[in-house]
Amino acid sequence: MKLLLIGFGTVGQGLAELLIEKRNTLLEQYKLDIQVVGISDMLKGSLYDAKGLDLDKVLEVAKAGKKISDLPGAFEGDALALIAKARADMMVEATYTDIKTGEPATSHIRAALNKKMHVTTTNKGPTALFLSELNELAKKKGVKFLYEGTVMSGSPMLNLARETLAGCNITQVKGILNGTTNYILTRMEEGLAYEDALKKAQELGYAEAVPDADVLGWDALAKVTIIANAMFGVKAKPDDFPCRGITEITAEAIADAKARGKRFKLIGKVWREGDAVKASVAPEEVDMSHPLAGVMGGTNAITFTTDILGDVTIVGPGAGRSETGYSALIDIIHAGGKR
Ligand code: HSE
């Protein structure tokens, strides 16, 4: 399988490391011989070699903060030019998320699907805004559009709902969908100031390029929209749902809630109400005895309410380098692996 990596920041590099680490597993267990033939990154430059790039070397250069385009195989041109030129089976779209426009990622995805490449993305912009269009385009071209990493990074909540809970009617999905804000609330409870906690979340690679998207709730809102569209069969946009972030929660309010046996969590929710599908993002005071109250730091958790099993909860990483890189690996295996 020939891969194209568009975006070579935290997620792209996390995936590249896993492709090296898991090379034997991929070959032996899934009959997948993966070659990365092209990489394009807005800051680090672009590379293309139809015979496959030396990933170890590219990672070394990227981690040293140097331009990958200083290596042999430099490609002159932007991501769209590389997609147009490249012969590849699958594209990994991991550029920065713009929740308002979905660009430039949506254009990358449309271009790759039009060239009959499978696509996996961790990018919440295109998925929250244009899921049904991209699904239809992929179907028309006979390829897959996969996006496991857009919600809960590598913790496979979308696959769990689609494949493993097949046959269950899911009536509500509720949980902690943003690692940055959960990390900030956790550290504020421990006494750290909001600004310092946010800085730490950025250092850990949880936060978006513009962290307003996290703290104002937009990132969780994008995920809620993806869940509504992917699991509840609606064609909703993020603006259709109410959204509040954590910026108004003070250290005093957190301490006060704790004294009353409660803990603030930023809760994303999608549920059926009669024929309607509703969704929201807002901080809630959760009782300490509730399973979501114990989910701390960058960890995410989602509870599916189902007709057959009652509540099923998945707890796991929701952000991070290898965690999100892994979500793309899941999709790559699903698109091209043989079992
Ligand atoms: N900024 C996001 C978060 C990254 O903190 O959860 C994962 O989508």
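Novice: Give a detailed account of the site of the ligand, specifying residues and quantitative values.
Specialist: Lys-124, Asn-178, Gly-179, Thr-180, Tyr-206, Ala-207, Glu-208, Asp-214, Asp-219, Lys-223, Gly-318 and Ala-319 make up every residue found near the ligand. The backbone of Tyr-206 places a nitrogen or oxygen atom 2.7 Å from a nitrogen atom of the ligand. One of the side-chain N or O atoms of Glu-208 is found 2.7 Å from a nitrogen atom in the ligand. When the free accessible area of the ligand is taken as 260 Å², the share hidden by the protein chains comes to 93%. Elements represented by at least two residues in the shell around the ligand include exactly helix 8 (179-189) and helix 11 (218-232). Broken down by class, the residue content of the shell around the ligand amounts to 3 nonpolar, 4 polar and 5 charged.

Novice: Which residues make up the layout of surface pockets, and what are the values?
Specialist: Roughly 310 Å³ of internal volume is contained in the second largest pocket. Surrounding the second largest pocket, 17 residues form its lining, Tyr-147, Asn-229, Ala-230, Met-231 and Gly-233 being those nearest its centre. Among the secondary structure elements, those contributing two or more residues to the lining of the second largest pocket are helix 6 (124-141), strand 6 (145-146), helix 7 (157-164) and helix 11. Each residue belonging to the lining of the second largest pocket can be placed in one class, and the counts come to 10 nonpolar, 4 polar and 3 charged. Split by domain, the residues of the lining of the second largest pocket number at least three in each of domain 1 (2-154 + 321-336) and domain 2 (166-317).

Novice: Tell me about the packing of helix 6 against helix 11, residues and numbers included.
Specialist: Closest axis-to-axis distance for the helix 6/helix 11 pair is 9 Å, and the angle between their directions is 45°. In terms of orientation, helix 6 and helix 11 fall into the oblique class. Crossing of helix 6 against helix 11: the hand is left-handed. Every residue of helix 11 that contacts helix 6 at Lys-124, Thr-127, Ala-128 and Leu-131 is listed here: Asp-219, Ala-222, Lys-223, Thr-225, Ile-226, Asn-229 and Ala-230. Broken down by class, the residue content of the contact of helix 6 with helix 11 amounts to 5 nonpolar, 3 polar and 3 charged.

Definitions and cut-offs
- Residues numbered from 1 in each chain as written.
- Predicted model: local features only at pLDDT ≥ 70, side-chain atom pairs only at ≥ 80, totals over all residues.
- Heavy atoms only, no water.
- Near = heavy atom within 4 Å.
- Polar contact = N/O pair within 3.5 Å; in protein donor to acceptor, adjacent residues only side chain to side chain.
- Areas by Shrake-Rupley, 256 points an atom, 1.4 Å probe, with all protein chains shown as cover.
- Helix = DSSP H or I, 4+ residues; strand = E, 2+ residues; numbered from the N terminus.
- Nonpolar A, V, L, I, M, F, W, Y, C, P; charged D, E, K, R; others polar.
- 1 Å grid on protein atoms, 1.4 Å probe; cavity = no way out; pocket = protein on both sides within 12 Å on 5 of 7 lines; lining within 4 Å.
- Points joined across faces, edges and corners; volume = space filled by probe spheres on them.
- Domains from an automatic or database assignment.
- Axes fitted to C-alpha atoms, helices over the stretch in contact; angles between N-to-C directions.
- Parallel < 35°, antiparallel > 145°, perpendicular 65-115°, else oblique.
- Left-handed = near helix turned anticlockwise from the far one by under 90°.
- Contact = heavy atoms within 4.5 Å.

In short, the description is geometric, and any link to function would need to be established separately.
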